[in-house]
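Below, each chain spelled out in residue letters.
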Amino acid sequence: MNMPVKPPVAALADAPLYVAAKKNYPQSVHGRFRTVKWVLMAVFLGIYYLLPFVRWDRGPNSPSQAVLVDLPNRRFYFFFIELWPQEVYYFTGLLVIAAMVLFLLNAVAGRVWCGYACPQTVWTDLFYAVERWIEGDRRERMKKDKEGLTARRVGELTLKHSIWLIIAWWTGGAWVLYFADAPTLVKELATFQAPMIAYAAIATLTFTTYTLAGHMREQVCIYMCPWPRIQAALTDEWALNVTYRYDRGEPRTSIKKAVELRAIGEKAGDCVDCLQCVAVCPTGVDIRHGSQLGCIQCGLCIDACDNVMSKIGRPTGLIAYDNDINIGRRLAGEAPVYRFVRARTVIYTGIIALVGVVMLYALSTRTLIDINVLHDRNPLFVNLSDGSVRNAYTIRFLNKRSDLRTIELSASGVPIPVVHVIGEEPASRTIVAVGPDQTREVRVLVTVPPGARIGASNPITFTARDVDSGDTATATDHFFGP
């Protein structure tokens, strides 16, 4: 009995370090994976282009844009969340979660991010759709390129590149809308009253989008992007990848020849060498040669192969998300096994959950007031004539709200401390007013009465309490004595 064998792969030793780019003509295809890609493209592009116009009421004196990077005021707004530069650790947490999600996706289904959600993939898919709409499908485009330029051809190319530039221009325009009030900036851009940096950013992103999605395309995935190489180091044998099931497909033969071989009891594979899997691939990969750097795991070859198998009356799934372990098991007459829950997926999920919980806890328990204390260096303390001891501090209050706050300052940790803000009248309570979205720095004197038992260095805690809301913040320093 002839056993199917895995197709050989060309020896890497004879492969050139660089191959000149060949124009790729991906063919359109219909199927479940193509439908998923259309849906995700619409969702991702819709979010990107429309999100700057979504409004969110934060009250008076606050921006009403739901997602805004407010560089002049050093704020980041995301719906009900408002982050200050001092809270950069939230962004660190988001980066950790993003990395772990990417690793988890890789452990489950290989480069599924590249195939469905990567911006390069999404915009290239959109550019391909425009190209097919204007120039036709694979064969028509190849034929037109061979025929050379005609008046009609020039018109098609002009229309195609014009639409590409419009998409690229709006891509850059949408990006800058995340850094200013979107409706206002759109009006300023249209009337040429926007800051020059906005026009420069739009021009830069227009150029990069047009170049990367319209011309470089698969070259970005193969040569520029580091993720395929990182992914190859992170994957394991249980990860599902778009796989040619050579246990079913080999030996390849024509439909007619396969019928003849099966009639006499000989082995005939289901692959009819139609090359549809290669024709629809956006990077021009022949998946039958095994896992390759250029494969972005988009699943379009699965749709193409399933369509062919349905037409010739053979079972679908000749190309599918699978791994070599299950191919070996089927060759040995065993049932395939899929292990989604294993050490690395549990670890990745655990890290995502842990970092997420920590961030949610920090976000839910944080206050919109902060205090920082700096002790005077020279002198560390002063002995007053009545025997009392005084220390001086510079205290900075931070008001993260968009309205004026009245803050009561108190101290604890030393016996009967008297707190006085330099420049203010002494009172039973030390009150400091801090403007909306502002910091205020004051000089503070803390005096301990004569006869108080203090050491050479005593921990002292300053508490800032919002008189109206009750929000508090604390800072610790030292009170020095003789």
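These remarks concern the structure in this document. What you see as residue numbers is a count from 1 along each chain, following the sequence as written. The model is predicted, so local features are restricted to residues of pLDDT at least 70 and side-chain atom pairs to those at 80 or more, both for listing and for counting; the totals for chains, interfaces and linings are taken over all residues. Only hydrogens and water are set aside when side-chain values are computed; all heavy atoms of the structure are taken into account.

1. Observations regarding the side chain of Glu87
Here is step 1 of the chain: Mapped onto the elements of the fold, Glu87 is located in the loop between β3 (81–83) and α2 (89–109).
Here is step 2 of the chain: For this analysis, residues touch if any pair of their heavy atoms sits within 4.5 Å. Apart from residues no more than four positions distant in its own chain, Glu87 is found in contact with Glu82, Arg366 and Lys400. What counts as a helix is a DSSP run of H or I of at least four residues, what counts as a strand is a run of E of at least two, and both are numbered from the N terminus.

2. Regarding the pattern of salt bridges
Here is step 1 of the chain: A carboxyl oxygen of Asp or Glu within 4 Å of a side-chain nitrogen of Lys or Arg is what we treat as a salt bridge. One pass over the structure, following the stated rule, counts 41 salt bridges.
Here is step 2 of the chain: Arg252 is the salt-bridge partner of Asp273, the closest N and O atoms lying 3.9 Å from each other. A residue pair is termed long-range when its members are at least 10 positions apart, and Asp273 in the loop between α12 (255–263) and α13 (276–279) and Arg252 in the loop between α11 (246–249) and α12 qualify at 21 residues.
Here is step 3 of the chain: Accessible area is worked out with a 1.4 Å probe on protein chains only. A residue is then buried under 20% of its type maximum, exposed over 50%, and partly exposed in between. Residue Asp273 is classed as partly exposed on the basis of its relative accessible area of 41%.
Here is step 4 of the chain: Residues joined in a network through salt bridges with shared partners are Lys23, Glu131, Glu135, Arg141, Lys144, Asp145, Arg152, Arg153, Glu156, Lys160 and Arg217.

3. Considering the layout of surface pockets
Here is step 1 of the chain: Throughout, the protein atoms alone are placed on a 1 Å grid, and a set of points is a cavity if a 1.4 Å probe fits but cannot get out or a pocket if it is open with protein on both sides within 12 Å along at least five of seven lines; lining residues have an atom within 4 Å of a point. Grid points are joined across faces, edges and corners, and a volume is the space filled by probe spheres set on the points. Considering only enclosed or pocket space, the second largest pocket measures out at about 770 Å³ in volume.
Here is step 2 of the chain: Ile47, Tyr48, Leu51, Trp113 and Trp175 are, among the 19 residues lining the second largest pocket, the residues nearest its centre.
Here is step 3 of the chain: The element that contributes the greatest number of residues to the lining of the second largest pocket is helix α1 (residues 32–50), accounting for four residues.
Here is step 4 of the chain: Note on residue categories: nonpolar means Ala, Val, Leu, Ile, Met, Phe, Trp, Tyr, Cys or Pro, charged means Asp, Glu, Lys or Arg, and polar means any other residue, Gly included. For the lining of the second largest pocket, the residue count by class is 19 nonpolar, no polar and no charged.

4. A few points about the packing of helix α4 (residues 119–135) against helix α8 (residues 196–216)
Here is step 1 of the chain: Every axis in this analysis is a line fitted to C-alpha atoms, fitted for helices over the stretch in contact. Angles between the N-to-C directions lie between 0 and 180 degrees. Between α4 and α8, whose axes approach to 8 Å, the crossing angle comes to 75°. Our classification of the angle between α4 and α8 gives roughly perpendicular. When α4 is examined against α8, the residues Gln120, Trp123, Thr124 and Phe127 are found in contact with a partner set consisting of Thr209, Tyr210, Leu212, Ala213 and Gly214.
Here is step 2 of the chain: For the contact of α4 with α8, the residue count by class is five nonpolar, four polar and no charged. For this classification, under 35 degrees means roughly parallel, over 145 means roughly antiparallel, 65 to 115 means roughly perpendicular, and everything else is oblique.

5. Re the pairing of strand β6 (residues 369–375)
Here is step 1 of the chain: Only one face of β6 is covered, namely the face carrying Ile369, Ile371, Val373 and His375; the face carrying Asp370, Asn372 and Leu374 is uncovered.
Here is step 2 of the chain: Here β6 pairs with strand β8 (residues 389–399) via seven bridges, running antiparallel. The partner of Asp370 across the bridge, within β8, is Leu398. Strand pairing is assigned whenever DSSP identifies at least 2 bridges connecting the two strands.

6. Some words on α8
Here is step 1 of the chain: Its 21 residues place the ends of α8 29 Å apart at the C-alpha level, agreeing with the 30 Å of an ideal helix rising 1.5 Å per residue.
Here is step 2 of the chain: Ala198, Ile202, Thr206, Thr209, Tyr210, Thr211, Ala213 and Gly214 are the residues of α8 that are buried.
Here is step 3 of the chain: Taken from the residues just after α8, Arg217 is the one with a positive phi, measuring 45°. To estimate how far a helix should reach, multiply one less than its number of residues by 1.5 Å.

7. As for the state of the cysteines
Here is step 1 of the chain: Cysteine sulfur atoms that pair up within 2.5 Å are treated as a disulfide. This model, assessed by the stated rule, comprises zero disulfides.
Here is step 2 of the chain: The thiol of Cys305 is not disulfide-bonded; the next cysteine sulfur, from Cys274, is found 6.7 Å away.
Here is step 3 of the chain: By relative accessible area, which is 9% here, Cys305 ends up buried.

8. Considerations on unusual backbone geometry
If a residue is not glycine, its phi is most likely negative; likewise, a peptide bond is most likely trans.
Here is step 1 of the chain: Following Glu250, the chain continues to Pro251 via a peptide bond in cis, the omega torsion being -5°.
Here is step 2 of the chain: Tracing the sequence through the fold places Pro251 in the loop between α11 and α12.
Here is step 3 of the chain: With an omega of 0°, the peptide bond running from Asn378 to Pro379 counts as cis.
Here is step 4 of the chain: Within the element layout of this structure, Pro379 appears in the loop between β6 and β7 (382–383).
Here is step 5 of the chain: The backbone of Phe79 sits at a positive phi, close to 55°, despite the residue not being glycine.
Here is step 6 of the chain: Along the polypeptide, Phe79 turns up in the loop between β2 (75–78) and β3.

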